[in-house]
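# Structural characterization, general
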Amino acid sequence: MMARRRGDLLGLRAALADRLLPVLVGAMSFLATLAIGGALACATLAAGWQGNIETALTIQVPQPGNPDAANDGTRLAAVQRALAVDPDVQNAAVMSTAEMNKLISPWLGSDAASLGLSLPAVITAQWRGAGSADTLGAQLQQVSPGTLVKTGAMWAQRVAALTTSLQACALAVLLVVALVAAAVVAVATRSGLAQLRETIDTVHGLGALDSDIAARFAARAVWLALGGSFGGTLLALPILAWLAWLAAPFTGPARLGGFFNLPPALLALALVLPACAALIGWITAQFTVRGWLRHLP
Amino acid sequence: MVRFDDVWLRYQHSGRAPEADALRGISFEIEDGGFRWLTGPSGAGKTSLLKLIYLAEHPARGRIEILGARAARATRREAAMLRRRIGVVYQDFRLLPQLDAYDNVALPMRLARRSETQVQADVGEILRWVGLAHRLHARPDELSGGEQQRIAIARAVVARPKLLVADEPTGNLDDEQAERLMLLITALNKLGTTVIVATHNTGLVKRYPFPRLSLEHGRLVHDG
């Protein structure tokens, strides 16, 4: 007699069919992938923006051509001299007329110079100081009264708060998705148990351990969840890639990488999420079956 | 050994009022290697008594000892291990519809994690014994009532149980098959298996004059 496979002793292929459960788990994985992708993108964008904003220094010098306080040259030149000797200020550069026009054109039209307005000179620089730039502002006020100094620290804090709240939202979505996936597995398992009640009664009566029966349900749930989740994650990746491509102008190609170059963390989701779904399936099926078997003597 | 000491059974379904007592104050003892017929009219409580023996029900009160173990004190794992030492022929066969004859018979051995080599040898032998070696791959719905019953009997005895419990095992068998089955059961009994057979077949009881437990209205009215 030929050796035979043990196969599907309980008939789980029919009772836990490969239709509804994988589709629902796949849908949950699709949402989870989008949520995680969103959180990662948010963190990437925020990191880039924070790095630029936090150190950005903007100095506005009103009436830049007028004499400075010491009557030793123009106000603009006096401010530039003060910035040049300050070790905490780097890359100071006066914004050109063309750059100024581009900056204010949304409000004043394409040729602000023709309006005859007295525009301040704008100097951009990088702030490398440990503290605030208030002392620098006071110094510049002395050589050029009315000069304004602004740093991006406040905006950086706001971006950080926004990032944290968006990541918290993503985490909440993940929790909800995990709970729904667990509920889907639990309902499918209970339905399978109801369908196989007589079979399980018989196998239980023949001496099957609760762990034997639970393990068979859990193995089936693992495969279904794994397959569904893998499919759902793979479906979501092109959408994430498309969103990354849309976001590329804000991040630079090195960060979110464009259409065919998603970050490794996102690509790893294709493996990590199905593994998590499989784990949820295994744990849920084990608990559901063992709980149900408690009703048997 | 199987020992019942003032055992009562009352079925209690959740959400419903308790039913009348199915068994009332049953006490008896079957020594290791003993054989008992279990007789009585329909509804007397034969199947209920067998269910208590193969641990499918808990008694409302009283003490049950099966193969040296107190049933009420057994953990779930111990109860499962105890069930593996009990072969049961159910009145309704309870063959698994998705498995063929071979896999149905092999089930108790596989649950007990016996080697496939041993499974093949023992299942092949017992299927030949019950005359169904040619029906290995037939599923239950492809078998006649008598064939299903023989598969159920083969499944009950394949793991060489210490205790064999059979509920109307000859109900769907012709005289020749019933006689063949009794030869198998008595052979097992001679090898030390304790046997309890519930039956309406008075002819069989006369031909094999073993001691008899007789039930009426849930009470034991005859023991010996």
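Keep in mind that this is a model prediction, so the values were computed, not measured.

On to the overall build of chain B. Across its full length, chain B holds seven helices and ten strands. On the principal axes, the C-alpha backbone points of chain B span a range of 45 × 40 × 35 Å. Taken across its 224 residues, chain B has 53% of its residues classed as buried. Within chain B, contacts between residues separated by at least 24 positions form 70% of all contacts whose residues are at least 6 apart in sequence. Side chains of chain B give 33 positive and 27 negative charges; the mean places of these two sets differ by 5 Å.

This part is about the sheet that holds strand β4 (residues 148-151) of chain A. All names here are of chain A. Across the sheet, which stays open at both edges, the four strands sit in the order β2-β3-β1-β4 with antiparallel pairing between neighbours. Two strands lie at the open edges of the sheet, namely β2 (89-94) and β4, each paired on one side alone. Between one strand axis and the next, the sheet turns through 20 degrees on average, direction left out of account. In terms of strand pairing, strand β1 (residues 56-61) meets β4 through four bridges, oriented antiparallel. Bridging from a neighbouring strand, L57 pairs with T151 of β4. Across the face of the sheet, helix α5 (residues 134-143) comes into contact with β1, β2, β3 (121-127) and β4 while running at roughly 160 degrees to β4.

The subject of this paragraph is the domain arrangement of chain A. Partitioning chain A into structural domains gives domain 1 (12-51 + 164-293) and domain 2 (63-146). Relative placement of domain 1 of chain A and domain 2 of chain A: their C-alpha centres are 54 Å apart.

Conventions we followed
Residue positions are given per chain, counted from 1 along the sequence in the order it is written. Naming scheme: in the order in which they are written, chains are lettered from A and ligands are numbered from 1. For this predicted model, a pLDDT threshold of at least 70 governs which residues receive local features, and a threshold of 80 or more governs which side-chain atom pairs are given and counted, while totals over whole chains, interfaces and linings are taken from all residues. Based on all heavy atoms of the structure, the side-chain values leave hydrogens and waters out of the count. Helix numbers and strand numbers start at the N terminus; a helix is a DSSP run of H or I with at least 4 residues, a strand a run of E with at least 2. For every residue, the accessible area (1.4 Å probe, protein chains only) is compared with the maximum for its type, and the residue is labelled buried under 20%, exposed over 50%, or partly exposed between those bounds. Residue contacts are defined here by distance: any two heavy atoms, one from each residue, within 4.5 Å place the two residues in contact. The sign given to each residue is positive for Lys and Arg and negative for Asp and Glu; His and the chain ends receive no count. The atoms used to mark charge sites are NZ of Lys, CZ of Arg, CG of Asp and CD of Glu. A strand pair is defined by DSSP finding two or more bridges across the two strands. As a rule, the C-alpha atoms of each element are fitted with a line to give its axis, helices using only the stretch in contact, and angles between N-to-C directions run from 0 to 180 degrees. What marks off one domain from the next here is an automatic or database domain assignment.

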